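# Structural overview for review
Given next are the chains, with one letter for each unit.
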Amino acid sequence: MATRILGLLLMLLMSLDPAVVAGTDELPHSHVVPKAQQHKKYPRIVLYSVAWCPHCKEVKEYLTRNNIPFINKDVELDDQYMKELTETYKSTGVPVIVIGADKKVLKGFKKEEFEKALKEM
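Throughout what follows, the structure given in this document is the object of discussion.

The rules behind each value
- Residues numbered from 1 in each chain as written.
- Predicted model: local features only at pLDDT ≥ 70, side-chain atom pairs only at ≥ 80, totals over all residues.
- Heavy atoms only, no water.
- Buried < 20%, exposed > 50% of the residue type's maximum accessible area, 1.4 Å probe, protein only.
- Helix = DSSP H or I, 4+ residues; strand = E, 2+ residues; numbered from the N terminus.
- Arc of directions from axis to C-beta.
- Contact = heavy atoms within 4.5 Å.
- Salt bridge = Lys/Arg side-chain N within 4 Å of Asp/Glu carboxyl O.
- 1 Å grid on protein atoms, 1.4 Å probe; cavity = no way out; pocket = protein on both sides within 12 Å on 5 of 7 lines; lining within 4 Å.
- Points joined across faces, edges and corners; volume = space filled by probe spheres on them.
- Nonpolar A, V, L, I, M, F, W, Y, C, P; charged D, E, K, R; others polar.
- Core = buried A, V, L, I, M, F, W, Y, C linked by side-chain atoms within 4.5 Å.

## Section: helix α5 (residues 111-120)
For α5, the set of buried residues is Phe 114, Ala 117 and Leu 118. The arc that holds the buried residues of α5, viewed along the axis, is 100°, so those residues lie on one side. Set apart from the buried face of α5 by more than 90 degrees, the exposed residues are Glu 112, Lys 116, Lys 119 and Glu 120. At its buried positions, α5 is contacted by β1 (45-49), α3 (54-65), β3 (96-99) and β4 (104-107).

Here's what the structure looks like:
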């Protein structure tokens, strides 16, 4: 948590005008975007999960570690999410990962399969 806060503060500081931070207008401006500010675009990723599932935890940790944004839908906490999982995706098991606008649906998590699906998008 502390690392995440420090990272966010660093990104905020990097986005400020150097002249404002230093209190002078004489500093040159760089046109290079710092690596921390570069954002890779990903398709919409929705994860159907439950809190106690070790495979769901593995997916969440992978996505978080790789800075891949996702929407987590805990099917035990919301009946609508369970309905989506069972009716739309014909699954009673988790994790289920939906990439893009229903373009790719992965049941279970295999890193290689997930990365291949992302590249195809």
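## Describing the pattern of salt bridges
Two side chains with opposite charge may pair up if their charged atoms get near one another. Scanning all chains against the criterion turns up two salt bridges. Among the salt bridges present, the one from Lys 57 reaches Glu 61, with a minimum N-O distance of 3.9 Å. Of this pair, Lys 57 and Glu 61 both sit in helix α3, four residues apart, roughly one helical turn. Note that Lys 73 and Glu 84 form a salt bridge whose closest N and O atoms lie 3.0 Å from each other. Here Glu 84 lies in helix α4 (residues 79-88) and Lys 73 lies in strand β2 (residues 71-74), a separation of eleven residues in the sequence. Taken as a pair, Lys 73 and Glu 84 share a single burial class, namely buried.

## What to know about the environment of Lys 103
Along the chain, the position of Lys 103 falls in the loop between β3 and β4. Here the alpha-carbon distance between Lys 103 and Pro 43, two residues 60 residues apart in the chain, equals 9.8 Å.

## Digging into the layout of surface pockets
Volume-wise, the second largest pocket comes out at about 150 Å³. No other element matches the three residues that α5 contributes to the lining of the second largest pocket. When grouped by side-chain class, the residues that make up the lining of the second largest pocket number five nonpolar, one polar and four charged.

## Quick notes on the nonpolar core
Of all hydrophobic cores here, the largest spans 13 residues; its most connected members are Ile 68, Ile 97, Ile 99 and Phe 114. Sorting the residues of this core by element identifies β1, α3, β3 and α5 as the ones contributing at least two each. In contact with Ile 97, other than residues within four places in its own chain, are Ile 45, Val 46, Leu 47, Val 59, Lys 104, Val 105, Leu 106, Gly 108, Phe 109 and Phe 114. Cys 56, Val 75, Tyr 89 and Val 96 belong to the second-largest nonpolar core, a separate cluster that totals ten residues.

Nothing here speaks to function; it is all geometry.
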